[in-house]
Amino acid sequence: MRTLILSTVLSLTVPAGLLGCASTSPHNLVQSVVADTHLGWQTAPENQLAFSLATASGVAQVELQPLPEEFTVVTLELPGMQKVENIQWENEEGKFTTLYDGEVSLEGVSIQSRGHGYRLQLQLSAMDYLRDGGVLTVTDQR
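These figures come from a predicted structure and were not determined experimentally.

Each value, and the rule that gives it
Every chain is numbered independently, its residues counted from 1 as its sequence is written. Only residues with pLDDT of at least 70 get local features here, since the model is predicted, and only at 80 or more are side-chain atom pairs given and counted; chain-wide, interface and lining totals rely on the full set of residues. Excluding hydrogens and water, the side-chain figures rest on all heavy atoms present in the structure. Between any two strands, at least two bridges found by DSSP are needed for them to pair. Strands here mean DSSP runs of E at least two residues long; helices mean DSSP runs of H or I at least four residues long; both are numbered from the N terminus. To get an axis, fit a line to the C-alpha atoms, keeping to the stretch in contact for a helix; angles then go from 0 to 180 degrees between the N-to-C directions.

Novice: Kindly report on the sheet that holds strand β5 (residues 73-79), identifying the contributing residues and their values.
Specialist: Strands sit in the order β2-β3-β5-β9-β8 across an open sheet of five strands; the sheet is mixed. In this open sheet, the two strands that pair with only one neighbour each are β2 (37-41) and β8 (109-113). On average, adjacent strands in this sheet sit at an angle of 20° to one another, irrespective of strand direction. Sheet topology note: the strand β3 (residues 48-55)/β5 ladder contains five bridges and is parallel. Residue pairing for β5: Leu49 is matched across the bridge by Val74.

Novice: So what's going on with the sheet that holds strand β1 (residues 30-32)? Which residues, and what values?
Specialist: The strand order across the open sheet built from five strands is β1-β4-β10-β6-β7, with neighbouring strands paired in antiparallel fashion. Each of the sheet's edge strands pairs with one partner strand only, and the pair in question is β1 and β7 (96-100). Each strand axis lies, on average, 25° off the axis of its neighbour in the sheet, ignoring direction. As paired elements, β1 and strand β4 (residues 59-64) share three bridges and run antiparallel to each other. Bridging across to β4, Ser32 finds its partner in Val62.

By themselves, these observations are geometric and do not establish any function.
Structure below.
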């Protein structure tokens, strides 16, 4: 009887635990594409993805895997960038979309200067581009 109760509890909690890990473990969702890009992880509320990108070349590039539907915000810290000049998204089919061109950004794209670097936040309709996975490129004007 005790074994049956234990196996029932484990069969219900292990899948739930794995689902929770999938929504909070960014290591499986983002990876650096450019060799000189340093990728760091930030803590974030549930259903949000937060990380930092630091680059010596002025071009930071990461590949995002398809994001779960419950993800609503992606936040990137861009330490050391002096003036972000372009943010571009390339989907899995190779189609490019400019999210920010140095002056104008798409709805849901917010970029803020933070002294020595920038904070980029993608939400609302900008998440529609990221949801299926692809490559995000941030170019700094040097």
